Each structure stands twice: as structure tokens, then as C-alpha cells.
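One letter stands for each residue in the lines below.
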Amino acid sequence: MDRNNLQTAQGIISILAIICLAVGWFKIFPGDINYFLSGRLFYILIGISFIVQARMLTLINPKFVYPLYAAAGLCIVGAFLPVDSGLNVMKTIGLLVGVVISFMSRSQYRQ
């Protein structure tokens, strides 16, 4: 895939993730569905978005590729862990790490 297709795919995935988060926040559906959308599917989609972004980073800044893959893994694996386990905080840590790496890589890309 070329860079434009990867950016388009990442944009679509990110929009879907935001929609899932908004639907869960506004409690449009019954509780289980809202939780699935905002507590699981959101993190899975964000993880996929980080994977797509990592593929784009191979050309821009390769040192951020593996940390972004790790953040994606934390998001995706954390989304499948039970809520009452202390390990489900992994998805939040993955999200924060991925966002920080995204901002850092974009600032270096613009320089």
C-alpha cells in the first residue's frame, strides 16, 4: 500500500473509533452494547490505527515503529481482558503511549 492509501485507511479507522467512543458516552444503546463499543471496540480500532501508522513510520522515522506496535498490542490485548482484572489498564497505557508517539513522530516529520 502506498502512503496515501495508508493515511486514508488510518483516517477511516480513527473516525470509526471516535464514533464508537461517542456512542458509548451518550449511552445510545443498552449497557452491554455501549460498553462493547466504547470499552472494547474503540481500543481495538485504535490499536489497528496505530499498526497502520507504524507502517507509515517505516519511511519517516523507523525508531518509533516498534514502540508503536507495542502500544497497539497493549490496546488490543487490553480490550479483551476482563474489566475487574487489574490488567485491563493496559489498554489505557497503550492508548497514551501511542498518542505520545504519534505526536512525537509528527513533529519530527514536519521538521
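A separate point is unusual backbone geometry. In this model, Lys-27 sits at a positive phi of 50°, which is unusual for a non-glycine residue. Within the secondary structure layout, Lys-27 lies in the loop between helix 1 (3-26) and helix 2 (31-60). Judged by its relative accessible area of 61%, Lys-27 falls in the exposed class.

The next thing to look at is the packing of helix 1 against helix 2. Packing of helix 1 against helix 2 brings their axes to within 8 Å, and their N-to-C directions diverge by 160°. Between helix 1 and helix 2, the angle falls in the class roughly antiparallel. Crossing geometry of helix 1 relative to helix 2 is assigned as left-handed. Across the contact of helix 1 with helix 2, the residue classes tally to 16 nonpolar, eight polar and two charged.

An ideal rise of 1.5 Å per residue puts 22 Å on 16 residues; helix 3 (residues 65-80) measures up with 23 Å between its terminal C-alpha atoms. Among the residues making up helix 3, those that are buried are Val-65, Leu-68, Ala-71, Ala-72, Cys-75, Gly-78 and Ala-79.

Before going further, it helps to spend a moment on the environment of Phe-50. Looking at where Phe-50 falls in the secondary structure, it is placed in helix 2. Looking at Phe-50, the relative accessible area reads 5%, which means it is buried. Between the alpha carbons of Phe-50 and Val-77 there is a distance of 13 Å; along the sequence they are 27 residues apart. Those residues in contact with Phe-50 that sit more than four places away from it in its chain are Leu-68, Ala-71, Ala-72, Cys-75, Gly-94, Leu-95, Gly-98, Val-99 and Ser-102.

Calculation criteria
Residues numbered from 1 in each chain as written. Predicted model: local features only at pLDDT ≥ 70, side-chain atom pairs only at ≥ 80, totals over all residues. Heavy atoms only, no water. Helix = DSSP H or I, 4+ residues; strand = E, 2+ residues; numbered from the N terminus. Buried < 20%, exposed > 50% of the residue type's maximum accessible area, 1.4 Å probe, protein only. Axes fitted to C-alpha atoms, helices over the stretch in contact; angles between N-to-C directions. Parallel < 35°, antiparallel > 145°, perpendicular 65-115°, else oblique. Left-handed = near helix turned anticlockwise from the far one by under 90°. Nonpolar A, V, L, I, M, F, W, Y, C, P; charged D, E, K, R; others polar. Expected span 1.5 Å × (residues − 1). Contact = heavy atoms within 4.5 Å.

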